[in-house]
Amino acid sequence: MTSPLWRPYAPQFEATLPIPPPKNLTVATTGASGAIFLHHFLLTVEGDERIETVNFIASDSALRVMAEELELKGRSNLVGQILGSKPSKKIHVQSNADIGANVASGSYPADAMVVIPCSVGTLARIANGVAAQLIERAADVSLKEKRPLVLCVRETPFNKIHIRNMYRANDAGATIFPLIPAFYYRPASLDEMAREFAYRVLAHLGLPQRQAFRWRG
Ligand SMILES: Cc1cc2nc3c(=O)[nH]c(=O)nc-3n(C[C@H](O)[C@H](O)[C@H](O)COP(=O)(O)O)c2cc1C
């Protein structure tokens, strides 16, 4: 059920956004808890006509966590399993082991990258330039090409290494967008909370969603 505090999207807001909005997104998922956030992020991306191409990478640990949290079974029809629908024409799976995939090169026109959820292990590799697998390599490329890189880090509590690595990644140009949902719009369910979080990440990238809650003060 939609909370009574949800507000319709204000079209005039578009005037203040970066132009043009990203069309080609890289979405990675890692072995941190929070697969429901990925589910809603991919659903929103799938339904957003402004986004033409999504390259999607899942680490092995992400599969383990998704098996727990989304009851996924293996890599077969991975995107269809996550979306809970038929396979997507827009979302293309890339192997994390394939460091020769399109998004491994700065010459490939990816507009922005999101890691959701981002484990502190992946955060550590990105923050320290360890680019042995495709997720870290694509993130490394995003930073060197000065393209938006959003890391939805999830862990609790943080140790000093995690905090240092968040600082390092942010210092290199990444946005630390922790999996910390808002509560002031009074989400009625986990799905509503995760969906609104997906909207916030996309708005941050210049892709505001019409259904998103907007605080009126
Ligand atoms: C059910 C489950 C939940 C986990 N939750 C987290 C988490 O919230 N944050 C985190 O950083 N690691 C978490 N881990 C541990 C990571 O999956 C593990 O460190 C893994 O090596 C990360 O690999 P990746 O960064 O290549 O995906 C979890 C593991 C499991 C099995």
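A brief look at the structure comes next. (Residues numbered from 1 in each chain as written. Predicted model: local features only at pLDDT ≥ 70, side-chain atom pairs only at ≥ 80, totals over all residues. Heavy atoms only, no water.)

1. Looking at the overall build of the protein chain
To keep it simple, the criterion reads: Secondary structure elements follow DSSP: runs of H or I no shorter than four residues count as helices, runs of E no shorter than two count as strands, and numbering proceeds from the N terminus. For the radius of gyration, the atoms used are the C-alpha atoms, and the globule rule reads 2.2 Å times the number of residues raised to 0.38. Contact definition: two residues touch when any of their heavy atoms are within 4.5 Å.
From N to C terminus, the protein chain includes 7 helices and 6 strands. Beginning at the N terminus, the succession of helices and strands in the protein chain can be written as β-α-β-α-α-β-β-α-α-β-α-β-α. Relative to a compact globule of 217 residues, whose C-alpha radius of gyration would be 17 Å, the protein chain shows 17 Å and is just as compact. Sequence-distant contacts, at least 24 apart, represent 77% of the contacts inside the protein chain between residues at least 6 apart.

2. Observations regarding the pairing of strand E1 (residues 24–29)
Definition in use: For the exposure calls, accessible area comes from a 1.4 Å probe over protein chains only, and a residue counts as buried if that area is under 20% of its type's maximum, exposed if over 50%, partly exposed in between. Only when DSSP finds a minimum of two bridges between them are two strands counted as paired.
Counting buried positions over the 6 residues of E1 gives 6, a clear majority of the element. Neither face of E1 is left uncovered, since the one carrying Asn24, Thr26 and Ala28 and the one carrying Leu25, Val27 and Thr29 both have all their residues buried. Across 6 bridges, E1 lies against strand E2 (residues 53–58) in parallel orientation. Bridged to Ala28 within E2 is Ile57.

3. Some words on helix H6 (residues 160–171)
Put simply, the rule reads: One fewer than the residue count of a helix, multiplied by 1.5 Å, yields its expected span. As used here, the arc belongs to the directions running from the helix axis to the C-beta atoms. Polar contact is the term for a pair of N or O atoms within 3.5 Å; when the atoms are in protein, one must be able to donate a hydrogen and the other to accept it, and sequence-neighboring residues count only if both atoms are side-chain atoms.
In this model H6 runs 16 Å from its N-terminal to its C-terminal C-alpha over 12 residues, within 8% of the 16 Å that 1.5 Å per residue would give. Within the sequence span of H6, burial applies to His162, Asn165, Met166 and Ala169. One side of H6 carries all its buried residues, which in axial view fall inside an arc of 105 degrees. Along H6, exposed side chains directed more than 90 degrees from the buried face belong to Lys160, Tyr167 and Asp171. On its buried face, H6 is in contact with helix H4 (120–127), strand E5 (149–153) and strand E6 (175–176). For H6, the N-terminal capping position is held by Asn159, with its side-chain oxygen 2.9 Å away from the main-chain nitrogen of Ile161. Backbone geometry just downstream of H6 places Gly173 in the positive-phi region, at approximately 120 degrees.

4. Quick notes on the pattern of salt bridges
Quick reminder of the rule: Salt bridges, as used here, are contacts in which a Lys or Arg side-chain nitrogen is within 4 Å of a carboxyl oxygen on Asp or Glu.
Under the definition given, this model contains 7 salt bridges. Among the ionic pairs, Asp140 bridges to Arg137, the shortest N-O distance being 4.0 Å. Taken together, the residues span about one helical turn, with Asp140 and Arg137 both in helix H5 (residues 134–144) at a distance of 3 residues.

5. Considerations on unusual backbone geometry
Keep in mind that most residues, glycine aside, have a negative phi and that most peptide bonds are trans. In the segment running from Ile116 into Pro117, the intervening peptide bond is cis, with an omega of -15 degrees. Here Pro117 shows up in strand E4 (residues 112–118). Each neighbour pair has its own omega, and for Thr156 with Pro157 the value is -10 degrees, a cis peptide bond. In this structure, Glu71 is a non-glycine residue whose phi angle is positive, near 60 degrees. We classify Glu71 as exposed; its relative accessible area is 62%.

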